Amino acid sequence: MPNASDPVELSTGPALAVAAAVREGRVTARAVLEATLARIEAVDPLLNAFTAVTAGRARAEADAIDRARAEGKPLGALAGVPFAVKNLFDLAGLRTLAGSKINRDHAPAKRDAALVERLTAAGAVCVGALNMGEYAYDFTGENLHEGPSRNPHDLEHMSGGSSGGSGSAVGGRLVPLSLGSDTNGSIRVPSSFCGIFGLKPTYGRLSRARTFPFVASFDHLGPFARTVADLAATYDALIGADADDPSLAAVAPEPTTPALARGGEGLRVAVLGGWFARQGTPQAYDAVARAARALGAKASVELPEVELARASAYLVTMAEGAALHRDRLRERPKDFDPAVRERLLAGAALPNAWILKAQKFRRWFHDRALELFSDWDVLIAPATPVPAPRVGQTTFELDGREMLVRPNIGIYTQPISFIGLPVVAAPMPGGERLPIAVQLIAAPWREADALRAAAVLEAAGLAFAPPPVV
């Protein structure tokens, strides 16, 4: 645990330890922030996680927190906690890049994204914007325009994408919290590669207002953290209605922090077999086996037609992405990363009948998943088939076959986001240099169940964020 009053130690420790120290007057928010900014300046040239550091804004926010405390005003649950966001979130005064060259010509945002406003209202201090794959169409964390964000456990390896900077910044202990997005796995893949906790909530649970979209029918936003309690507290600060996001579901917010105290009591846990038990490396399956033992998993169950679900997710991703970027593809094709451009162009050529069939199948697959949750509360699966490949690596071996890295990192995440289920990615270091994670998948609106399962693994010493090499 960090020294309870040392701002340098606190800045690399848990978010809730920072907030407690600030509320109790053992340290100022400004002191923690200055330690954070110093570490970013020293370490980020190695990780390349940040695309902008908002030091002036952050100092003003930290000073306001310290004044409020001096005046005896109540402070929020995340008082003084530094955080940063994937650069598809609007930050007032910054251009919202979404990982692209084209968006550099946009006007600066006039208002923060809804989730940034909520963290700020909870007392957290925004220190900047984070690197990401171009227009979120990426699993590697490699950005042609900004350079790759790098893995905090081995700088020669990928951070994962598309929320690569979000994973790298938290795993590298530059900030205790970050926000990212997940369309096909872009929270869970960086969590796995960078050895941190990530939460992809139920589709429609968190506001997407004032963020740059990718695939509207299954874009999710969510937090990263290094402890389960920090992840739950951040999620709890983010939930709630928002008239600015018409896709937000009319479901009452349910804070998850109180549920963590229940541990695994009453949780019915099973392992996902079939598709999820093939193609991965021994490290991926060892992580699942260790999680299953600790959670008392009672059975192995299967989702039908998972391969078809993954293929359908690809079709919808390509088609919706192409529709979103049609004008940019016509007007500025040379300003795209060629790998992104070619996939978007391919999506524009897909027959509409294929997309309609994929969407119909999606409903069927969703219903089959809900049938499993009539018997089980949490399903365990690998998050990624492998630990992080090297930056620039284009192929890897899966199940005895050489396969392309970029499209196959998400073989276990895509079928789950396709139907909008809530998932916690829990890092399960097993002694290897590079970590890997498991997915803890829950029924819709049951984020608390996935977080409780993660807390059990954390309490058992199995799920934790290992220290970075930087």
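First, a word on what this report is: a plain description of the structure on this page.

Calculation criteria
Residues numbered from 1 in each chain as written. Predicted model: local features only at pLDDT ≥ 70, side-chain atom pairs only at ≥ 80, totals over all residues. Heavy atoms only, no water. Helix = DSSP H or I, 4+ residues; strand = E, 2+ residues; numbered from the N terminus. Rg over C-alpha atoms; globule rule 2.2 N^0.38 Å. Buried < 20%, exposed > 50% of the residue type's maximum accessible area, 1.4 Å probe, protein only. Contact = heavy atoms within 4.5 Å. Salt bridge = Lys/Arg side-chain N within 4 Å of Asp/Glu carboxyl O. Pairing = 2+ DSSP bridges. Axes fitted to C-alpha atoms, helices over the stretch in contact; angles between N-to-C directions. Parallel < 35°, antiparallel > 145°, perpendicular 65-115°, else oblique. Nonpolar A, V, L, I, M, F, W, Y, C, P; charged D, E, K, R; others polar. Polar contact = N/O pair within 3.5 Å; in protein donor to acceptor, adjacent residues only side chain to side chain. Arc of directions from axis to C-beta. Phe/Tyr/Trp six-rings, centres within 6.5 Å; stacked < 30°, edge-to-face > 60°.

## Regarding the overall build of the chain
Logical step 1: For the chain, the helix and strand inventory stands at 17 helices and 15 strands.
Logical step 2: Taking 470 residues into account, the globule formula puts the C-alpha radius of gyration at 23 Å, and the chain, at 21 Å, falls close to it.
Logical step 3: For the chain, the proportion of its 470 residues judged to be buried stands at 63%.
Logical step 4: Taking the contacts inside the chain whose residues are at least 6 apart along the sequence as the reference set, 78% of them involve residues at least 24 apart.

## Quick word on the pattern of salt bridges
Logical step 1: Within the structure shown, the criterion is met by 29 salt bridges.
Logical step 2: When the shortest N-O distance is used, the salt bridge between E117 and R111 registers 2.7 Å.
Logical step 3: In this structure, the salt-bridge partner of R406 is D138, at a minimum N-O distance of 3.1 Å. Here D138 lies in the loop between β3 (125-130) and β4 (150-151) and R406 lies in helix α15 (residues 405-408), a separation of 268 residues in the sequence.
Logical step 4: One salt-bridge network, in which partners are shared between bridges, spans R30, E34, R59 and D63.

## A closer look at the sheet that holds strand β14 (residues 423-427)
Logical step 1: An order of β1-β3-β2-β6-β8-β7-β14-β15-β11-β9-β10 is seen for the eleven strands of this open sheet, with the pairing classed as mixed. Each edge of the sheet is formed by a strand with only one pairing partner; in this case those strands are β1 (50-53) and β10 (300-301).
Logical step 2: Note: strand β6 (residues 177-182) against strand β8 (residues 220-225), six bridges, orientation antiparallel. Paired with L177 across the two strands is A225, which belongs to β8.
Logical step 3: Contacting β2 (82-86), β6 and β8, helix α5 (residues 114-121) crosses the sheet at an angle of about 175° to β2.

## Considering the environment of L350
Logical step 1: Within the secondary structure, L350 is located in the loop between α13 (338-348) and α14 (352-372).
Logical step 2: Since its relative accessible area comes to 15%, L350 is described here as buried.
Logical step 3: Separated by 297 residues in the primary sequence, L350 and V53 place their C-alpha atoms 40 Å from one another.

## Section: the pairing of β14
Logical step 1: Within β14, five of the five residues are buried, leaving the element largely enclosed by the surrounding structure.
Logical step 2: Two elements, strand β7 (residues 197-200) and β14, share three bridges in a ladder whose sense is antiparallel. Bridge assignment links G198 to a residue of β14, and that residue is A425.
Logical step 3: Direction of pairing for β14 relative to strand β15 (residues 437-442): antiparallel, over a ladder of five bridges. When the sheet's bridge partners are listed, P427 is paired in β15 with A437.

## Section: the packing of helix α10 (residues 282-295) against helix α17 (residues 447-459)
Logical step 1: Where α10 meets α17, the axes come as close as 10 Å, and the angle between the chain directions of the two elements is 95°. Judged by the inter-axis angle, α10 sits roughly perpendicular to α17. Contact residues: A291, A294 and L295 in α10; A453, V456 and L457 in α17.
Logical step 2: Of the residues assigned to the contact of α10 with α17, the class counts are six nonpolar, no polar and no charged.

## Quick word on the packing of helix α11 (residues 306-324) against α13
Between two packed helices, what matters for the description is the angle formed by their axes and the separation of those axes.
Logical step 1: Across the interface, α11 lies against α13 with an axial gap of 7 Å and an inter-helix angle of 100°. Taken together, α11 and α13 sit at an angle that is classed as roughly perpendicular. On the side of α11, the interface is formed by M318, A319, G321 and A322, while α13 contributes R343, L344, A346, G347 and A348.
Logical step 2: For the contact of α11 with α13, the class distribution of residues is six nonpolar, two polar and one charged.

## Digging into the side chain of S217
Logical step 1: Tracing the backbone shows S217 in the loop between β7 and β8.
Logical step 2: Judged by relative accessible area, which is 18%, S217 ranks as buried.
Logical step 3: Within polar-contact distance, the side chain of S217 engages the side chain of E320 at 2.6 Å.
Logical step 4: Among residues more than four places away in sequence, those in contact with S217 are Y203, V316, E320, Q359 and R362.

## A closer look at unusual backbone geometry
Negative phi values dominate among residues other than glycine, just as trans dominates among peptide bonds.
Logical step 1: In this structure, S162 follows G161 across a cis peptide bond, with omega equal to 5°.
Logical step 2: Tracing the backbone shows S162 in the loop between β5 (154-158) and α6 (164-171).
Logical step 3: Within the chain, A98 stands out as a residue other than glycine whose phi angle is a positive 50°.
Logical step 4: Looking at the secondary structure, you find A98 in the loop between β2 and α5.
Logical step 5: The residue E305 is not glycine, and still its phi comes out positive at about 60°.
Logical step 6: Take E305: it is sitting in the loop between β10 and α11.
Logical step 7: What makes E305 partly exposed here is its relative accessible area of 47%.

## As for the pairing of strand β11 (residues 378-382)
Logical step 1: In terms of burial, β11 is largely enclosed, as five of its five residues are buried.
Logical step 2: Residue alternation in β11 divides its side chains into two sets, V378, I380 and P382 and L379 and A381, and both sets are buried.
Logical step 3: Sheet analysis places strand β9 (residues 269-272) next to β11, joined by three bridges and oriented parallel. The residue of β11 that forms the bridge with A270 is L379.

## Some thoughts on α13
Logical step 1: If you check which residues of α13 are buried, you get V340, R341, L344 and G347. Seen end-on, α13 carries its buried residues on one side only, within an arc spanning 125°.
Logical step 2: Packed against the buried residues of α13 are α11 and α12 (326-331).
Logical step 3: Where α13 begins, the capping side chain belongs to D337, and its oxygen is found 2.9 Å from the backbone nitrogen of A339.

## Concerning the packing of aromatic side chains
Logical step 1: Counted according to the given criterion, the structure contains eight aromatic pairs.
Logical step 2: Ring geometry for F218 versus F418: centroids 6.1 Å apart, planes at 85°, classification edge-to-face. Of this pair, F218 sits in the loop between β7 and β8 while F418 is found in the loop between α16 (414-417) and β14, placing the two residues 200 residues apart along the sequence. The burial state of F218 is the same as that of F418; both residues are buried.

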